[in-house]
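Coordinates in review
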Amino acid sequence: MTLRDVETLDLATPSGPMRTLLWRPTAEGRFPGIVLFTEIFQITGPMRRTAAFLAGHGYAVAVPEIYHELEPAGTVLAYQGEEAERGNRHKNDKPLAAFDADARAALDSLAVQTYCTGRCGTVGFCVGGHLALRAAMNPEVHAAACFYATDIHKRGLGGDGPDNTLDRLGDLHGEVMMAWGRNDPHVPLEGRATIYNALTEAKARFEWHEFGAAHAFMRDDGYRYDPPAAAACLSMALALFARRLSG
């Protein structure tokens, strides 16, 4: 499907307005919604291209700035240097409740739009994979695609103590897809095993995929990019969303 011009929304949250970009088809009608959670760098070129790719397959895709209360609206952080370090600090400083409230605001915004069916999914990369998993604990989220999700096994998301993501996996209502790079130092074998076992014990409905790839292997900007693995992951995500959101 062809797409409309990208729309800019400022959604109300308890910690202030959250800049959110929206991609959706030009066709008339109602489409399932997807909230896309970014890496620590916010809405970079690769994130924009991924949002457009998903929207072109018949979805309304909302991409919030995950650090909206910590950075000026429109900020995109660099992959290296002080800005990358700042992005890493933000994920450890922002309260966990603020991350959850942001997800709630994005889902609520999609649900009331005339172009959305109200049936929603989430997708995320790196810290965004963790956020997509937590957002899937909301009852209206029927599918979540989480790519190399960081800090789950370490309980390291948010600045107010160990996070409770592993403890809340029983709150997942839909189907989850987890994809990892085996050469990812941020989520080593032991960490992946912790997450896999916790999902199994929670009786979550999930699929699990591992690739001989590095962290951020789906980012089409840099030496870590693995095009065949990235294409496989996007294909599996589309199948998940078609099955759980459109079908």
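Scroll up for the structure.
The rules behind these values
Residues numbered from 1 in each chain as written. Predicted model: local features only at pLDDT ≥ 70, side-chain atom pairs only at ≥ 80, totals over all residues. Heavy atoms only, no water. Helix = DSSP H or I, 4+ residues; strand = E, 2+ residues; numbered from the N terminus. Rg over C-alpha atoms; globule rule 2.2 N^0.38 Å. Buried < 20%, exposed > 50% of the residue type's maximum accessible area, 1.4 Å probe, protein only. Contact = heavy atoms within 4.5 Å. Areas by Shrake-Rupley, 256 points an atom, 1.4 Å probe, with all protein chains shown as cover. Lys, Arg positive; Asp, Glu negative; His and termini not counted. Charge placed at Lys NZ, Arg CZ, Asp CG, Glu CD. Core = buried A, V, L, I, M, F, W, Y, C linked by side-chain atoms within 4.5 Å.

1. As for the overall build of the chain
When helices and strands are counted, the chain shows 6 helices and 8 strands. Listing each helix as α and each strand as β along the chain from the N terminus yields β-β-β-α-β-α-α-β-α-β-β-α-β-α. Compactness check: the chain gives a C-alpha radius of gyration of 16 Å against a globular reference of 18 Å for 247 residues, within 12% of the reference. Each principal axis of the C-alpha distribution contributes one length, and for the chain these read about 45 × 40 × 35 Å. Taking all 247 residues of the chain together, 56% fall into the buried category. For the chain, long-range pairs separated by at least 24 residues make up 70% of all intrachain contacts whose partners lie at least 6 apart in sequence. Carbon together with sulfur atoms contributes 52% to the accessible area of the chain, which is approximately 9900 Å² in total. Across the chain, the 24 positively charged side chains and the 30 negatively charged ones have centroids separated by 4 Å.

2. Let's talk about the nonpolar core
The nonpolar side chains of a soluble globular protein tend to be buried, and buried together. Ranked by internal contacts, the top residues of the largest apolar core, which has 48 residues, are Leu172 and Met178. A per-element tally of this core places helix α3 (residues 96-111) first, with 7 residues. Residues contacting Met178, with those up to four places away along its chain left out, are Leu133, Cys146, Ile152, Ile195, Leu199, Glu207, Trp208 and His209. By size, the runner-up hydrophobic cluster in this structure holds 35 residues, among which are Trp23, Val123, Phe125 and Phe211.

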